[in-house]
Amino acid sequence: MTQSALAADAALPAEGRAADTLQPARYVDSDGVQLAIYTWGRQPTARQARPTLLLVHGYPDSAEVWTAVAEQLAKRFFVVAYDVRGAGRSSAPRGTEAYALKYLVNDLAAVADAVSPHAPLHLVGHDWGALQAWEALLSEQLAGRIASYSTAAPSLDHAGLWFQKRLGKPTPRNLLECGSQILGSAYIMVFQLPLLPELAWKLLVGRNWPRLLARIDGIQTEARPTQTADGQHGLGLYRANVLQRLRRPQPRRTEVPVQLLVMQRDPFVPARLFECVADWTPNLRRTVIDAGHWAPLSHPQAFAAAVSEFVTSVEEA
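Here's what I pulled together on the structure shown here. (Residues numbered from 1 in each chain as written. Predicted model: local features only at pLDDT ≥ 70, side-chain atom pairs only at ≥ 80, totals over all residues. Heavy atoms only, no water.)

Looking only at helices and strands, the chain has 11 helices and 9 strands in total. Its C-alpha atoms give the chain a radius of gyration of 18 Å, within 12% of the compact-globule value 20 Å for 317 residues. Once the C-alpha set of the chain is aligned to its principal axes, its extents read approximately 60 × 45 × 40 Å. Sequence separation of at least 24 residues holds for 80% of the intrachain contacts in the chain that already meet a minimum separation of 6. Working note: accessible area of the chain is about 14,000 Å², and carbon and sulfur atoms make up 55% of it. Across the chain, the mean location of the 31 positive side-chain charges is 2 Å away from that of the 29 negative side-chain charges. (Helix = DSSP H or I, 4+ residues; strand = E, 2+ residues; numbered from the N terminus. Rg over C-alpha atoms; globule rule 2.2 N^0.38 Å. Contact = heavy atoms within 4.5 Å. Areas by Shrake-Rupley, 256 points an atom, 1.4 Å probe, with all protein chains shown as cover. Lys, Arg positive; Asp, Glu negative; His and termini not counted. Charge placed at Lys NZ, Arg CZ, Asp CG, Glu CD.)

Here it is, written out as structure tokens:
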């Protein structure tokens, strides 16, 4: 396992740029859900091979969160992102079960089939996009299709195993770390409540989301037209997956090269949660970025540089 560090670039304000200005390059069907796909850079051809990067966004974002990162990466790679089910211009299925990890993996596979059917691609995941990309990597469905994975979060399995390891040896330090993590993730329990989180998004959070981003990470941006709906639909991600997987984590292994993108000032995904990943991913690199949770928005140059360096090293190996 190797480790590198990146200095953070200054936060880039979005003033003067209209929110949600991306236009889908195409749509693809996945289990009846229409997924909006966006592309940057030149697509690989038989004469000019270029690695394909697939970026998967988190909650409550859309593919728009990747714009600045994708523009940087498109100088060297063919870059693809998509609105996950229930977000942005993708359609929203009904019912909590429709957001289960198995359907999210089907979505990722459908996009991969559409943009890189004959060559492995490099995955990049942030927040909930990282969780579903982990599931795709660790399942058999995309075996041989993923060349590398850069992730800004551990998987739900890794988080569950992290808790098991500490509770199995209940020292004061281990119990303190578990308690601190539970308190920091209290919002997950709130998201399990019926109706109340949806109502909060409709009446309060949606229109104030830019203010919350500014307070959390110092980001200046604008609310997207679909922001409230994205927040409401995406609650299904938590309700269909989190408690179920944390209670019964699966110790699965991958030989695919993995890069951990650890944000030094991330209040939601602290560095300690990455500690179990090395047990299950022997081909591992750890890159530390001096940024908060929404680094793709606040520090896109540092984020893109870490991904570019890692993908290049895998391609040249």
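On to a nonpolar patch on the surface, then. A surface patch of nonpolar side chains, amounting to about 250 Å² of accessible area, comprises Val190, Leu193 and Leu196. Along the chain, Leu196 falls in helix α7 (residues 196–217). (Patch = residues over 30% accessible without salt bridge, like charges linked within 9 Å, V, L, I, M, F, W, Y side chains within 5 Å. Salt bridge = Lys/Arg side-chain N within 4 Å of Asp/Glu carboxyl O.)

Here strand β3 (residues 33–40) lies mainly inside the structure; 6 of its 8 residues are buried. The pairing of strand β2 (residues 26–30) with β3 spans 5 bridges and is antiparallel. When the sheet's bridge partners are listed, Tyr27 is paired in β3 with Ala36. Hairpin remark: β2 followed by β3, antiparallel, with 2 residues in the connecting loop; positive phi at Asp31, about 55°. In this structure, β3 lies alongside strand β5 (residues 78–82), joined through 4 bridges in antiparallel fashion. Note on β5: the bridge partner recorded for Trp40 is Val79. (Buried < 20%, exposed > 50% of the residue type's maximum accessible area, 1.4 Å probe, protein only. Pairing = 2+ DSSP bridges.)

Along the chain, Pro210 turns up in helix α7. What makes Pro210 buried here is its relative accessible area of 16%. Pro210 sits 10 residues away from Ala200 along the chain, and the two C-alpha atoms are 15 Å apart. Apart from the residues lying within four places of it in its own chain, the contact partners of Pro210 are Ile219, Thr221, Glu222 and Ala223.

Turning to the environment of Ala159, a few remarks are in order. Within the secondary structure layout, Ala159 lies in helix α4 (residues 156–168). Sequence separation of Ala159 and Asp266 is 107 residues, and the distance between their C-alpha atoms is 16 Å.

In this section: helix α9 (residues 235–247). Helix length check: α9, at 13 residues, gives a terminal C-alpha distance of 19 Å against a target of 18 Å (1.5 Å per residue), a fit within 8%. Within α9, the axis deviates most sharply at Asn241, by approximately 30°. Within the sequence span of α9, burial applies to Leu235, Gly236, Leu237, Tyr238, Arg239, Ala240, Asn241, Val242 and Arg245. Buried residues along α9 sit in contact with α2 (101–115), α3 (128–138), α4, α6 (186–191), α7 and α8 (227–233). (Expected span 1.5 Å × (residues − 1). Bend = angle between axes of the 7 residues up to and from the residue.)

Moving on, we get to the pattern of salt bridges. The tally for this structure, following the rule as stated, stands at 14 salt bridges. One salt bridge in this structure joins Asp113 and Arg145, with 2.9 Å as the shortest N-O distance. You can see Asp113 sitting in helix α2 and its partner Arg145 sitting in the loop between α3 and β7 (146–151), a full 32 residues away along the chain. Here the salt bridges do not stand alone but share partners, grouping Glu135, Asp157, Arg245 and Arg252 into one network.

This brings us to the nonpolar core. In terms of nonpolar packing, the biggest core is built from 90 residues, with Leu55, Leu73, Leu108, Val111, Leu123, Trp128 and Phe303 touching the most fellow members. Ranked by residue count, the leading element in this core is α2, at 10 residues. Each residue touching Leu55, except ones within four places of it in the same chain, is listed here: Trp66, Ala70, Leu73, Val79, Val80, Ala81, Tyr82 and Val124. One finds Phe163, Cys178, Leu273 and Cys276 within the second-largest nonpolar core, a separate group that totals 6 residues. (Core = buried A, V, L, I, M, F, W, Y, C linked by side-chain atoms within 4.5 Å.)

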